Amino acid sequence: MKLPSVYANKINKNINNNTDYYHGERSPKKDLDTLKKHFDKNGYTNRLAVTITTKDGTTNEKLVLLKTDHFITINNKNIYFKDIIDYEIKDN
C-alpha cells in the first residue's frame, strides 16, 4: 500500500507559538469555617479579635459582621474571603 503524497507549504515567517508557563508555590488558604462559627445566625459577633493575613499583609482586626463573601470590621473595613490567606483568633 502506497502512502498518499503530501504537499507542505514553505513558511517564510517566524512562528512563535511556544509559551512558557510558570507555577509558583501558593500558600494554602486556611479554612474559614472555624472563624465563621463565632458568628450568630444573623452574622453578628461581639468584636471578635483576630490577626488576619491577606495578600496585602498582616493586620490585627476586630470583626463584627459576617456577610456572604466578606467580613466587616469595627472600622467598617471589608475583608473578602478570597483575600484571606491565614488567620488566628486572639484570646480576649
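Our subject in this report is the structure included herewith.

The tally for this structure, following the rule as stated, stands at 2 salt bridges. Linking Asp83 and Lys55 is a salt bridge whose minimum nitrogen-to-oxygen distance equals 3.4 Å. On the criterion of sequence distance, the pair formed by Asp83 in the loop between strand E4 (78-80) and strand E5 (84-89) and Lys55 in the loop between strand E1 (44-54) and strand E2 (57-66) is long-range, its members being 28 residues apart. For Asp83, a relative accessible area of 17% translates into the label buried. On the accessibility criterion, Lys55 (61% relative accessible area) is exposed. We note a salt bridge from Lys77 to Glu61, for which the minimum N-O separation is 3.3 Å. With Lys77 in the loop between strand E3 (70-73) and E4 and Glu61 in strand E2, this residue pair connects regions lying 16 residues apart in the sequence. According to the relative accessible area criterion, Lys77 is partly exposed, its value standing at 38%.

Our next topic: the sheet that holds E5. Read across the sheet, 5 strands follow the order E4-E3-E2-E1-E5 without closing on themselves; strand pairing throughout is antiparallel. Here the strands that pair on one side only, and so sit at the sheet edges, are E4 and E5. Adjacent strand axes in the sheet meet at a mean angle of 45°, parallel and antiparallel pairs treated alike. Alignment of E3 against E4, held across 3 bridges, turns out to be antiparallel. Pairing of His70 across the sheet is with Tyr80, part of E4.

Our focus in this paragraph is the nonpolar core. Counting residues in hydrophobic clusters, the biggest one holds 13 residues, and the most contacted among them are Leu35, Ile52, Leu63 and Phe71. Of all elements in the fold, only E1, E2 and E5 reach the threshold of two or more residues within this core. Counting residues per element, this core draws most heavily on E1, at 3 residues. Excluding residues within four positions of it along the chain, Ile52 makes contact with Gly57, Thr58, Thr59, Leu63, Ile79, Ile84, Asp86 and Tyr87.

This part covers the pairing of E3. Judged by which residues are buried, E3 turns out to be covered on both faces: His70 and Ile72 on one side and Phe71 and Thr73 on the other are all buried. With 3 bridges connecting them, E2 and E3 associate as antiparallel partners. Bridge pairing in E3 places Leu65 opposite Ile72. Between E2 and E3, which pair antiparallel one after the other, the connecting turn spans 3 residues. Here E3 hands over to E4 after 4 residues, with Asn76 in that stretch at a positive phi of 60°.

Reading guide: rules and limits
- All chains use their own residue numbering, which begins from 1 and follows the written sequence.
- Owing to the predicted nature of the model, reporting of local features is limited to residues with pLDDT of at least 70; listing and counting of side-chain atom pairs is limited to 80 or more, with chain, interface and lining totals taken over all residues.
- The side-chain quantities take in all heavy atoms of the structure and omit both hydrogens and water.
- Any carboxyl oxygen of Asp or Glu that lies within 4 Å of a side-chain nitrogen of Lys or Arg is treated as forming a salt bridge with it.
- In this text, helices come from DSSP runs of H or I with a minimum length of four residues, and strands from runs of E with a minimum of two, each type numbered from the N-terminal end.
- We call a residue buried when its accessible area falls under 20% of the maximum for its residue type, exposed when it is over 50%, and partly exposed in between, using a 1.4 Å probe and counting protein chains only.
- At least two bridges found by DSSP between two strands are what make those strands a pair.
- The axes used here are C-alpha line fits, helices contributing only the stretch in contact, and every angle between their N-to-C directions lies in the interval 0 to 180 degrees.
- In this description, a nonpolar core means a group of buried Ala, Val, Leu, Ile, Met, Phe, Trp, Tyr and Cys residues linked to one another through side-chain atoms lying within 4.5 Å.
- In what follows, residue pairs with any heavy atoms lying within 4.5 Å of each other are defined as contacts.

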